[in-house]
Amino acid sequence: MRVLPSLIASLLLAASGQTARAAEWKIDPTLRFNTRYDDNVRLSIANEVSSASATFSPSVVFSVTTPESGASGTLGFDFRRFEADSDLNDDNSRLTANLFHTLQRASLGLNLAFINDTTLDSQLDTTGVVFNRRRRQFIKASPNLNYAFDVRTNVSLNYTYSNTRFNNADGITLVDSSTNAAQVSLNRVLNNRSTASITLSGSKTNSDNNVDSTTINLQSGASYQLNETWSTSLFFGARRSEINSSRNSSIDILSGGTKIGEFALTRDVTSNTNGLTFNASVSKTFLRGNITLLATRSVSNDINGQPIETTSLRQTMLYRFSETLSGNLELAYTTTKADSDFVGNLDQTSYQVAPAVTWNLSNFWRLTGSYHYRKQTFDHASGDATQNVFDLVLAYQWPRISVSR
C-alpha cells in the first residue's frame, strides 16, 4: 500500500495542472472505532459462527480544485479482528478518485477505484445477498464526457473497465472476470420542476469459467419535483442478455453393447433472454428529517460471468430528535435470480431491517449505535440464513485542513 500516497499526490497534481493559478486543497480525516457482535458472520445456513469483533477505520476525504479542473476522492482502511476465529480477520482498503476538467460547453472526467475487501461486504452492497466469503481485489477506470447543446439539453458518454479477482475462487459462484461497459444518455430539462432522459447502455463480461455474457439495456423516464418537500422519479426500460458458455460432456464408447470408455466432448451453448428494468423513487422532506422509497431492477454480470437480475425494494428514513440526536431506519427486500440455467444456486431472497441512533457528542466526536437483522433464503436449499448484528461506532472527525494558493 506504499504506492497509494504517491498515487494520490499524482492525481491531485495532475488535476491542479501544477500551474500558478489559484487552487484550493481540502483534507478531511476521520477515525472510526467499531465494536460489533455478529451471531452469523458468514451468513450461512449451517455451521454458524458467532463472534465479537473490533475494527479500526482511518479514512480521509481529499480534494483540490482550480477554476477549470479538480480532483476529489477518498482513501480508507478497515483493520478488523474477530474474537472467535483469526481466519476471519481482514484488512480492507479502498481508494477512489474523481478527476474533472471543464471546457466551454463540455466537461471531461475520470473516475478510478481500487478496492481490496471481502465478498461478505462487497456482494451485500451490490446485490443484497452474499454467496461465499472470499478476498476480492477490484479495480475500475471510467472516463466520461458531458456536452451541453444548450442550457436545457445535454448528452453524456461513459465508458467503464472493471476487473475482479478472488483469492481461492470456488469456480462456481465466484469467478475472476473483467467487464467492459459503455453508456450514452440524453437529458432534457422540461421545466423548472422536471427533467427527462433516455439512456442506452451495454456491458460485456469475460470470465475464467468460460461463461461470457453481453447485456444491452434501453431505459427512459423523468424526475419531477412536486413541491418543496415532495420529489419523485420513474425510469423504465427493457434489456436483452446473451450468455455464451462452453460445456463439457462425454459420449460412451460401446463395443458389442458393452461400455469400454468415454469420449470427451466440449460444446458451445448460447442463451438469449429478455427482461424489464426500472428505477422508481419517492422522497418526502420533513422539518426534522426525510423519508425515501426506492424500487429498482437491474442486471449485473460481475459475480460469476453470467447476468444476475436483482430486484430491490428499499426504504430509508432519517429523523432528528434534537440538534445532537438523530435516528435512522432502513428496510430492504431484495431478490436475485440467474438469467440462465448454467448455474442453479444463485436464486436467493434477502430481508433486512437496520435501525440506528446517532449522538453528536461535540463538533468532532460522534457515537452511533445500530442493530442489523438480515434473513436470506435460498431457492436451491432448505433452511434460511439469519443474522443479528449489533454495532457501536465512535467516530472522530478531524478539523478540516484547507490550503489555498
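Thresholds, definitions, all that
Within each chain, residue numbers correspond to sequence positions counted from 1 in written order. Thresholds applied to this predicted model are a pLDDT of at least 70 for local features of residues and 80 or more for the giving and counting of side-chain atom pairs; totals over whole chains, interfaces and linings are not thresholded and use all residues. Computation of side-chain values covers all heavy atoms of the structure but excludes hydrogens and water. Strands are runs of DSSP state E lasting at least two residues, helices are runs of H or I lasting at least four, and both sets are numbered from the N terminus onward. Summary of the burial criterion: residues with accessible area below 20% of their type's maximum are buried, those above 50% are exposed, and those between are partly exposed, where the area comes from a 1.4 Å probe applied to protein chains only. Two residues qualify as a contact provided that any one of their heavy atoms is within 4.5 Å of a heavy atom in the partner residue. Accessible surface is estimated by sampling points in the Shrake-Rupley manner with a 1.4 Å probe; for residues, cover comes only from the protein chains shown. Whenever a carboxyl oxygen of Asp or Glu lies within 4 Å of a side-chain nitrogen of Lys or Arg, that contact is scored as a salt bridge. Throughout this description, a polar contact denotes any pair of N or O atoms lying within 3.5 Å of each other; where both atoms belong to protein, one of them has to be capable of donating a hydrogen while the other can accept it, and for residues adjacent in sequence the pair is counted only when both atoms sit in side chains. Only the six-membered ring of Trp is used, alongside the rings of Phe and Tyr, when aromatic pairs are assigned; centres must lie within 6.5 Å, and planes under 30 degrees apart are stacked while those over 60 apart are edge-to-face, with the rest tilted. Distance thresholds for patches are 9 Å for like charges and 5 Å for nonpolar side chains (Val, Leu, Ile, Met, Phe, Trp, Tyr), applied to residues having over 30% relative accessible area and no salt bridge. A pair of strands counts as paired when DSSP detects no fewer than two bridges linking them. The pLDDT score gives, residue by residue, the confidence of the prediction method on a 0 to 100 scale.

A.B. asks: I would appreciate a short explanation of the overall build of the chain in the present structure.
C.D. replies: Scanning the chain for helices and strands turns up two helices and 19 strands. Evaluated residue by residue, the chain yields a buried proportion of 39% over its 405 residues. The contacts in the chain between residues at least 6 apart in sequence include a share of 55% that link residues at least 24 apart. Accessible area for the chain stands at about 21,700 Å²; split by element, carbon and sulfur atoms hold 56% of it.

A.B. asks: Is there a simple way to think about the pattern of salt bridges in this case?
C.D. replies: Tallied over the full model, the rule gives 11 salt bridges. The salt bridge partner of Glu24 is Lys26, with a shortest N-O separation of 3.9 Å. Note on Lys26: relative accessible area 26%, which makes it partly exposed. As a salt-bridge pair, Arg188 and Asp150 come within 3.9 Å of each other at their nearest N and O atoms. Taken together, the residues Arg188 in strand β8 (residues 177-189) and Asp150 in the loop between β6 (135-148) and β7 (153-166) connect sequence positions 38 residues apart. Residue Arg188 is classed as partly exposed on the basis of its relative accessible area, which comes to 36%. Since its relative accessible area comes to 39%, Asp150 is described here as partly exposed. It is possible to trace a salt-bridge network through shared partners that takes in Arg239, Glu309 and Lys337.

A.B. asks: Before we go on, may I ask you to explain the side chain of Asn163 in this structure?
C.D. replies: Here Asn163 shows up in strand β7. A distance of 3.2 Å separates a polar atom in the side chain of Asn163 from a polar atom in the side chain of Tyr161. Apart from residues no more than four positions distant in its own chain, Asn163 is found in contact with Gln137, Phe138, Ile139, Ser177 and Ser178.

A.B. asks: What exactly am I supposed to notice about the environment of Ser241 here?
C.D. replies: Checked against the element boundaries, Ser241 lands in strand β11 (residues 230-255). Its relative accessible area of 0% is what places Ser241 among the buried residues. Sequence separation between Ser241 and Thr214 is 27 residues, and the spatial gap between their C-alpha atoms is 5.6 Å. Separated by 3.0 Å, the side chains of Ser241 and Thr215 make a polar contact. A distance of 3.0 Å separates a polar atom in the side chain of Ser241 from a polar atom in the side chain of Arg239.

A.B. asks: Honestly, the packing of aromatic side chains in this entry has me stumped. Any pointers?
C.D. replies: The geometry of two aromatic rings is summed up by the distance between their centres and the angle between their planes. Counting across every chain of the model gives 11 aromatic pairs. Aromatic pair Phe56 and Phe79: ring centres 6.5 Å apart, planes at 20 degrees, arrangement stacked. Within this pair, whereas Phe56 is found in strand β2 (residues 51-65), its partner Phe79 is found in strand β3 (residues 69-82), the two being separated by 23 residues in sequence. Each ring, one from Phe236 and one from Phe278, has its centre 6.4 Å from the other, and the planes form 10 degrees; the classification is stacked. Of this pair, Phe236 sits in strand β11 while Phe278 sits in strand β12 (residues 258-285); the two residues are 42 residues apart in sequence, bridging distant segments of the chain.

A.B. asks: Whenever I open this one, the side chain of Gln348 confuses me. Can you help?
C.D. replies: Tracing the chain through its elements places Gln348 in strand β16 (residues 348-360). Relative accessible area serves as the criterion here: at 2%, Gln348 is assigned to the buried category. Looking at Gln348, its side chain comes within polar contact range of the side chain of Gln376, at 2.7 Å.

A.B. asks: Could you clarify how one ought to interpret a nonpolar patch on the surface in this entry?
C.D. replies: Where nonpolar side chains cluster on the molecular surface, the patch consists of Leu103, Leu108, Leu145, Tyr147, Phe149, Leu157, Val184, Leu186, Ile198, Leu200, Ile216 and Leu218 and spans about 970 Å² of accessible area. Elements with a minimum of two residues in the nonpolar patch: β6, β8, β9 (194-207) and β10 (211-225). Residue placement: Tyr147 occurs in strand β6.

A.B. asks: Explain the pairing of strand β18 (residues 384-397) to me, please; I cannot follow it from the model alone.
C.D. replies: Looking down a regular strand, the side chains alternate between one sheet face and the other. Judged from the nine bridges that link them, strand β1 (residues 24-38) and β18 form a sheet pairing that is antiparallel. Directly across from Arg32, in β18, lies its bridge partner Ala395.

A.B. asks: For this particular structure, what's the right way to read the environment of Thr195?
C.D. replies: Locating Thr195 in the fold gives a position in strand β9. Take Thr195: its relative accessible area is 29%, and that puts it in the partly exposed class. Setting aside residues no more than four positions away along its own chain, Thr195 makes contact with Arg188, Val189, Leu190, Gly221, Ala222 and Ser223.

A.B. asks: When you look at the confidence of the model for the chain in this model, what are you seeing that I'm missing?
C.D. replies: Regions with low pLDDT should not have their predicted coordinates read in detail. The share of residues in the chain with pLDDT of 70 or more is 81%, and the mean pLDDT across the chain is 85. Taken together, the stretch residues 1-8 has pLDDT below 50 and engages in 10 contacts with residues farther than four places along the chain or on a different chain.

A.B. asks: Help me understand the environment of Thr349 in this model?
C.D. replies: By the secondary structure assignment, Thr349 is in strand β16. Accessibility expressed as a relative area gives 12% for Thr349, which makes it buried. Between the C-alpha atoms of Thr349 and Phe378, which are 29 residues apart in sequence, the distance is 6.6 Å.

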